[in-house]
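# Chains, contacts and geometry: an overview
Here's the letter readout for the chains.
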Amino acid sequence: SRTNYKVGWGKSGMKTARIYLVLFILLAVVAFFSVQTITSHAQQEQAPRVQSVVRTRGEQATIDLYKRAKDAVVYISTVTLSIDPDDFFAHVRPREGSGSGIIVDAKRGIIITNLHVIENARQIEILLTDGQPRSAKLLGYDHDFDLAVLQLEDSPQGLVEIPFGDSSIVEVGQSVYAIGNPFGLSQTLTSGIISSLDRAVRNSDGSVLRGLIQTDAAINPGNSGGPLLDSAGNLIGINTAILSQSGDSAGIGFAVPSNLIRRVLPELIATGKILRPKIGWILLDTKYGPMVRRVIAGAPAAEAGIQGIEREIRRGPVRMWVRDFDGADLIISANGTAVRTAEDVDA
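Presented here is a report on the structure given in the accompanying data block. These numbers were taken from a predicted model, which means no experiment stands behind them.

## A word on the overall build of the protein
When its secondary structure is counted, the protein shows six helices and 18 strands. With 347 residues in all, the protein has 34% of them scored as buried. Surface exposure of the protein reaches about 22,200 Å², of which carbon and sulfur atoms provide 53%.

Set out below in structure tokens:
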């Protein structure tokens, strides 16, 4: 006889299968979330960490000062004609120069700079922050203060100017900031302190600049004509000269005070020069003090009866100069202030 068998899981087998299925599903879920967590951590490690910028009040004040003033500092480029001494045929060659300037009157496009930046220039171009070069004309200049005043011939709208500060109240030790174009690097900011006041510096042409502000803010070739600012962003001087053996910044720079500039600026714009009274004498330094060497005929000194060492004597058509030290006048004070040198008298 044939025996029939039924194949099946049975109750016990079905229960076991369900358990395995549940375990498999649980393991799959755990594995999925584990992979997601590992991937998320990996992405976080690879992504750059963004940190919030923290600045001190002093840093933010300097940043704000620079943003307000930088557009009022212009780049000045010049072309002058010079003769090469090594050229046998003495050909005239153009020579390019550069420096800085300060917009002090935005409505009229008035710019101040140092005279030595644009002296003898046949062509003057002003580069504003919009990157467009513009022509400028020379309104006036003064050798004694090394100042020049320019005016844009095509002044655009929206110019920014730097307000004048009071240079008479600045103190040694206070913070100052210089903006300029050293070595052609436009709108460079440097900072320092006022190192001294009322300095006198002799120019390369022999003239003496007096009453200057000394600073240790870095000033290099190309900074000439740029502003020296106080912490409020006001103009307290125009950077003019440096004292250096190499020609680069050595931490000793000089600026013409803003009060002097503000005083002579209207006259330079109106007449092109500064009118100064002339006494009409030539002084000579001696161990006793400044002595009058010669008096110019018809000058105020001659009318006042001042006697010099050298006096003119006329005998018919012949004119001679004789020396008389005993009758010469010695200057001991000027405006009630004792003087020791001829420079003290002119100060």
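## Observations regarding the sheet that holds strand 7 (residues 175-180)
Around the barrel, which closes on itself, the six strands sit in the order 7-8-9-12-11-10 with antiparallel pairing between neighbours. The average undirected angle you get between the axes of adjacent strands in this sheet is 50°. For strand 10 (residues 227-229) and strand 11 (residues 235-242), the ladder comprises three bridges, and the chain directions are antiparallel. Bridge assignment links Leu229 to a residue of strand 11, and that residue is Leu235. Seen against the sheet, helix 2 (residues 57-69) touches strand 7, strand 8 (188-202) and strand 10 and runs at an angle of roughly 40° to strand 7. Along the sheet, helix 4 (residues 258-271) contacts strand 11 and strand 12 (253-257); its crossing angle with strand 12, the most-contacted strand, is approximately 40°.

## Description of unusual backbone geometry
At Asn120, a position not held by glycine, the phi torsion is positive, near 65°. Tracing the sequence through the fold places Asn120 in the loop between helix 3 (115-118) and strand 4 (121-127). For Asn335, which is not glycine, the phi dihedral falls at a positive 55°.

## Structural notes on the pattern of salt bridges
Tallied over the entire structure, the rule returns six salt bridges. Glu310 serves as the salt-bridge partner of Arg294, at 2.6 Å between the closest nitrogen and oxygen. Of the two residues, Arg294 is situated in strand 14 (residues 289-295) and Glu310 in strand 15 (residues 310-315); the sequence distance between them amounts to 16 residues. Its relative accessible area of 27% is what places Arg294 among the partly exposed residues. With a relative accessible area of 8%, Glu310 lands in the buried category. As a salt-bridge pair, Glu310 and Arg323 come within 3.8 Å of each other at their nearest N and O atoms. Taken together, the residues span a long stretch of sequence, with Glu310 in strand 15 and Arg323 in strand 16 (residues 318-323) at a distance of 13 residues.

## Comments concerning the environment of Val74
Locating Val74 in the fold gives a position in strand 1 (residues 73-83). Considered as a pair, Val74 and Asn181 are 107 residues apart in the sequence and their alpha carbons are 8.4 Å apart. Once residues within four sequence positions are removed from consideration, Val74 is found in contact with Gly99, Ser100, Gly101, Ile103, Ile111, Ile126, Leu127, Leu128 and Asn181.

## A look at a nonpolar patch on the surface
A cluster of nonpolar side chains, Ile19, Val22, Leu23 and Leu26, forms an exposed patch at the surface whose accessible area comes to about 360 Å². The residue Leu23 is located in helix 1 (residues 10-46) in this model.

## Remarks on the pairing of strand 6 (residues 147-152)
Among the six residues of strand 6, six are classified as buried, and the element is accordingly described as predominantly covered. What you see with strand 6 is no split at all: Leu147, Val149 and Gln151 on one side and Ala148, Leu150 and Leu152 on the other are buried throughout. Note: strand 3 (residues 110-114) against strand 6, five bridges, orientation antiparallel. Residue pairing across strands places Thr113 opposite Ala148, the latter belonging to strand 6. Of the pairings in the sheet, the one linking strand 5 (residues 133-142) to strand 6 comprises six bridges and is antiparallel in character. When the bridges of strand 6 are listed, Tyr141 appears paired with Ala148. Between strand 5 and strand 6, which pair antiparallel and follow one another directly, the connecting turn spans four residues, one of which, Asp146, has a positive phi of 55°.

## Quick word on the side chain of Ser258
The topology assignment puts Ser258 in helix 4. Ser258 sits in the buried class, given a relative accessible area of 0%. Residues in contact with Ser258, not counting those within four places in the same chain, are Phe164, Gly165, Asp166, Ser167, Leu235, Ile236 and Gly237.

## Remarks on the pairing of strand 8
Relative to strand 8, strand 7 runs antiparallel, the two sharing six bridges. Bridge pairing in strand 8 places Ser175 opposite Ile193. Across five bridges, strand 8 lies against strand 9 (residues 208-215) in antiparallel orientation. Paired with Arg202 across the two strands is Val208, which belongs to strand 9.

## Focus on the side chain of Thr113
Mapped onto the elements of the fold, Thr113 is located in strand 3. The exposure class assigned to Thr113 is buried, which follows from its relative accessible area of 0%. In this structure the side chain of Thr113 is engaged in a polar contact, spanning 2.7 Å, whose partner is the backbone oxygen of Ser100. Not counting the four nearest positions on each side in its chain, Thr113 is found in contact with Ile76, Ser100, Gly101, Ile118, Asp146, Leu147, Ala148, Leu150, Ser224, Gly225 and Ile238.

Conventions we followed
- Residues numbered from 1 in each chain as written.
- Predicted model: local features only at pLDDT ≥ 70, side-chain atom pairs only at ≥ 80, totals over all residues.
- Heavy atoms only, no water.
- Helix = DSSP H or I, 4+ residues; strand = E, 2+ residues; numbered from the N terminus.
- Buried < 20%, exposed > 50% of the residue type's maximum accessible area, 1.4 Å probe, protein only.
- Areas by Shrake-Rupley, 256 points an atom, 1.4 Å probe, with all protein chains shown as cover.
- Pairing = 2+ DSSP bridges.
- Axes fitted to C-alpha atoms, helices over the stretch in contact; angles between N-to-C directions.
- Contact = heavy atoms within 4.5 Å.
- Salt bridge = Lys/Arg side-chain N within 4 Å of Asp/Glu carboxyl O.
- Patch = residues over 30% accessible without salt bridge, like charges linked within 9 Å, V, L, I, M, F, W, Y side chains within 5 Å.
- Polar contact = N/O pair within 3.5 Å; in protein donor to acceptor, adjacent residues only side chain to side chain.

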